[in-house]
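Given next are the chains, with one letter for each unit.
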Amino acid sequence: MDFRQAVMRDLPQLKDMYKRIIQNMNEQDIQIWDDIYPCEFFEGDIKNNQLYVLLNNDDIVSAFVLSNTNSGENAVKWNDNHAKALYIDRLGVNIKYSKKGIGSLMIDKAKEIAKTLDAEYLRLFVVDINVPAIQLYIKNGFVKADGVYDEAFDDGFVLHEHGYEIKL
């Protein structure tokens, strides 16, 4: 498998993969992603060199974003608020490759990149109803931070997100 930064030509396949992930999540009553998020953010992620993909030949297996900030970063109590941290976001695994350890592999890749960028922590936010993701992060050594980030939308919908971190 090949791991690299995403490029613009990956965009159609990425969006298609995530639409299938969203459909699968909706079938499991994990209705947190939609037609806009995360797909409409990928072009900017690619332009900012923050989106990484794992490929099996030309098939995108998984992707994630690694960024310097997160809108919820000040809503929870991290172990060390002053330490350099990177945030993993929009992690998705192609449903054809689910239950094969790809999520854990991608977390390891994110840790490697974060270390090369001198980050002391890798952090993330996960919606409280996304139990499979929470289990993945805990299995990979992430620790839950105190507090909750309530992400409110214009239509009154609110997502309750918990912060998780791991020291690198």
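See the structure printed just above.
All values derive from a computational prediction rather than experimental measurement.

### Considering the overall build of the chain
The number of helices and strands found in the chain is four helices and eight strands. What you see in the chain, going N to C, is helices and strands ordered as β-α-α-β-β-β-α-β-α-β-β-β. Whereas a compact globule of 168 residues would reach a radius of gyration of roughly 15 Å, the chain reaches 15 Å, a difference of no more than 12%. Once the C-alpha set of the chain is aligned to its principal axes, its extents read approximately 40 × 40 × 30 Å. For the chain, buried positions account for 46% of its 168 residues.

### Considerations on the pattern of salt bridges
Using the criterion set out here, one finds nine salt bridges in the structure. Residue Arg20 is joined to Asp16 by a salt bridge in which the shortest nitrogen-to-oxygen separation is 3.4 Å. Here Asp16 and Arg20 lie together in helix 1 (residues 11-27), a separation of four residues that amounts to about one turn. The class for Arg20 is partly exposed, based on a relative accessible area of 44%. Measuring nitrogen to oxygen at the nearest pair gives 3.2 Å for the salt bridge that ties Glu43 to Lys47. Residue Glu43 and its partner Lys47 are located together in helix 2 (residues 42-47), separated by four residues, close to a single helical turn. The partly exposed category is assigned to Glu43, whose relative accessible area is 36%. Connected through shared salt-bridge partners, Asp45, Asp89 and Arg90 make up one network.

### A few points about the environment of Leu54
With respect to the element layout, Leu54 can be found in strand 2 (residues 51-56). Placed twelve residues apart in sequence, Leu54 and Phe42 show a C-alpha to C-alpha distance of 15 Å. Setting aside anything within four residues of it in sequence, one finds Leu54 in contact with Met1, Asp2, Phe3, Asp59, Ile60, Val61, Ser62, Ile102, Leu105 and Met106.

### What to know about helix 3 (residues 102-116)
The first and last C-alpha atoms of helix 3 sit 21 Å apart over 15 residues, in line with the 21 Å expected at 1.5 Å per residue. Every buried residue of helix 3 is accounted for by Ile102, Gly103, Ser104, Met106, Ile107, Ala110, Lys111, Ile113 and Ala114. Among the residues trailing helix 3, Asp118 stands out with phi positive, at a value near 65°.

### A look at the pairing of strand 7 (residues 149-152)
Every other side chain in a regular strand lies on the same face of the sheet, so the side chains alternate between the two faces. The sheet contact formed by strand 7 and strand 8 (residues 158-167) spans four bridges and is antiparallel. Paired with Asp150 across the strands is His160, a residue of strand 8. Between strand 7 and strand 8, which follow one another and run antiparallel, lie five residues, and Gly156 among them has a positive phi close to 90°.

### Brief notes about helix 4 (residues 131-139)
Within helix 4 the residues assigned to the buried category are Ala133, Ile134, Leu136 and Tyr137. Within helix 4, the buried residues cover an arc of 160° as seen down the axis, which keeps them to one side. Looking at helix 4, the residues exposed on the side facing more than 90 degrees away from the buried face are Gln135 and Lys139. Residues of helix 4 that are buried in the fold lie against strand 4 (85-93), helix 3, strand 5 (121-127) and strand 8. Gly141, located one to two residues past helix 4, shows a positive phi value of around 95°.

### Quick look at unusual backbone geometry
Residue Pro38 follows Tyr37 across a cis peptide bond; omega there is 10°. Residue placement: Pro38 occurs in the loop between helix 1 and helix 2. The backbone of Asn49 sits at a positive phi, close to 55°, despite the residue not being glycine. With respect to the secondary-structure elements, Asn49 resides in the loop between helix 2 and strand 2. Judged by relative accessible area, which is 48%, Asn49 ranks as partly exposed.

Reading the values: the criteria
Residues numbered from 1 in each chain as written. Predicted model: local features only at pLDDT ≥ 70, side-chain atom pairs only at ≥ 80, totals over all residues. Heavy atoms only, no water. Helix = DSSP H or I, 4+ residues; strand = E, 2+ residues; numbered from the N terminus. Rg over C-alpha atoms; globule rule 2.2 N^0.38 Å. Buried < 20%, exposed > 50% of the residue type's maximum accessible area, 1.4 Å probe, protein only. Salt bridge = Lys/Arg side-chain N within 4 Å of Asp/Glu carboxyl O. Contact = heavy atoms within 4.5 Å. Expected span 1.5 Å × (residues − 1). Pairing = 2+ DSSP bridges. Arc of directions from axis to C-beta.

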